[in-house]
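Summary of structural features
Residue-level listing of the chains:
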Amino acid sequence: MISDSHLRLGIPSKGRLSDLATDLLTQAGLKFRRQNRGLFARVSGMNIDLVYLRTDDIPTLCAEGAIDMGITGSDLVEEAGADVQGRMKFGVGRCRLAFCIPDDSPITSAAELDGKRIATSFPNVTREYLAKCGATAHLVSLAGSVEAMIQLGVADAIVDLVETGSTLAANRLRILEEIGHYETVLIQNNKPRLNEIADRLVQRLEGVVIARDYSLVEYNIPRSKIAEAEKITPGFNSPTINSLEDADWCSVQVMVRRADVVDAMDQLKAIGASAVFEMTLNNCRL
């Protein structure tokens, strides 16, 4: 049973986003166990109850106050028109919502879809975007996959989420126009309860998200080269520099964006650094 004294956090009950949310919460130090695919789970040591819900219901239920916070997709928040606060972006689950048409279609813009049939799981977002283009279309609202709807003769175009584009290519479709970019987010009711718990949860999740973007790089460098090394690895605020037994050398520890680590290591080696190591960060507080 859930308690009014506990913050209610909605997370997807199944699918890839459920696995992602569970992984994030576990890395953030939340200890819980869902029994027999139940609807609720209590977090040990924190006044938080997890509520397992359909992903597309989370924005609405958060806006209505049934849950205090929720992990969902920003595309679903927009489609629901949910009046909620965005507390943080997770930097994962990134995708584009786009109008897609057959490769051989002569249509060149969304405005030319006026009067056409469009299959989509995002009718509200699609209708709003078309209105801005001065177009009106017959929308075929579907809950599942829409890629095959053109081949089935149901629609002239689709509006769907695109990640790599491989599914489009397999169905001989191309992007006509993008509506927006979306990702996994943490949302909160506009009349928040238990702010101290909510802020603590956000801090923990931010620690995980930031740690995923950075590595800890450690290296030895001649003291005469510290200024050059700092230009390569300036760190989050500044590097940590420690003395070595050899007074002419020092050891440096510094946070570096994971995407930049390999180039930074090459540059450090080129100016005379030695014993250059990359270490994974699991969590942090900055």
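Residues numbered from 1 in each chain as written. Predicted model: local features only at pLDDT ≥ 70, side-chain atom pairs only at ≥ 80, totals over all residues. Heavy atoms only, no water.

**Let's talk about the overall build of the chain**
Quick reminder of the rule: Strands are runs of DSSP state E lasting at least 2 residues, helices are runs of H or I lasting at least 4, and numbering of each runs from the N terminus. Buried, partly exposed and exposed residues are distinguished by accessible area as a fraction of the type maximum, computed with a 1.4 Å probe on protein chains only: under 20%, between the cut-offs, and over 50%, respectively. Any pair of residues with heavy atoms lying within 4.5 Å of one another is described as a contacting pair. Using the Shrake-Rupley algorithm and a 1.4 Å probe, accessible areas are obtained, with residue cover drawn only from the displayed protein chains. This count recognises Lys and Arg as positive and Asp and Glu as negative, with His and chain-terminal groups excluded. We put the charge of a Lys on NZ, of an Arg on CZ, of an Asp on CG and of a Glu on CD.
Across its full length, the chain carries eight helices and 15 strands. Reported as C-alpha extents along the three principal axes, the dimensions of the chain are approximately 75 × 55 × 35 Å. The buried share of the chain, reckoned over its 286 residues, is 45%. Considering only contacts in the chain between residues 6 or more positions apart, those separated by 24 or more positions represent 70%. Of the accessible surface of the chain, which amounts to about 15100 Å², a share of 48% is contributed by carbon and sulfur atoms. Separation of charge centres in the chain, based on 31 positive and 38 negative side chains, amounts to 5 Å.

**Focus: the pairing of strand 1 (residues 7-12)**
Test applied: Any two strands with at least two DSSP-identified bridges between them are counted as paired.
The buried count for strand 1 comes to six of six residues, which makes it a mostly enclosed element. Burial along strand 1 is two-sided: the residues Leu7, Leu9 and Ile11 and Arg8, Gly10 and Pro12 are all buried. In terms of strand pairing, strand 1 meets strand 3 (residues 48-53) through six bridges, oriented parallel. Bridge pairing in strand 3 links Leu9 to Leu50.

**Notes on the confidence of the model for the chain**
The cut-off we apply is this: Residue-level confidence of the predictor is what pLDDT reports, using numbers from 0 through 100.
Here the chain averages 90 in pLDDT, while 99% of its residues score no lower than 70. In the model of the chain, helix 5 (residues 166-170) stands out as the element of lowest mean pLDDT, 78, in contrast to helix 2 (residues 58-64), which has the highest, 95.

**Focus on helix 1 (residues 16-27)**
To keep it simple, the criterion reads: A helix's residues, less one, multiplied by 1.5 Å, set its expected span. In this context, the arc is that of the directions from the helix axis out to the C-beta atoms.
End to end, helix 1 covers 17 Å across 12 residues, agreeing with the expected 16 Å (1.5 Å per residue, within 8%). Those residues of helix 1 lying buried are Leu17, Ser18, Leu20, Ala21, Leu24 and Leu25. Across the axial projection of helix 1, the buried residues extend over an arc of 165 degrees, all falling on one side. In helix 1, those exposed residues whose orientation departs by more than 90 degrees from the buried face are Arg16 and Asp19. Contacts made by the buried residues of helix 1 are with strand 1, strand 3, strand 4 (69-73), strand 11 (184-189) and helix 6 (195-213). Following helix 1 by one or two positions, Gly29 has its phi on the positive side, about 90 degrees.

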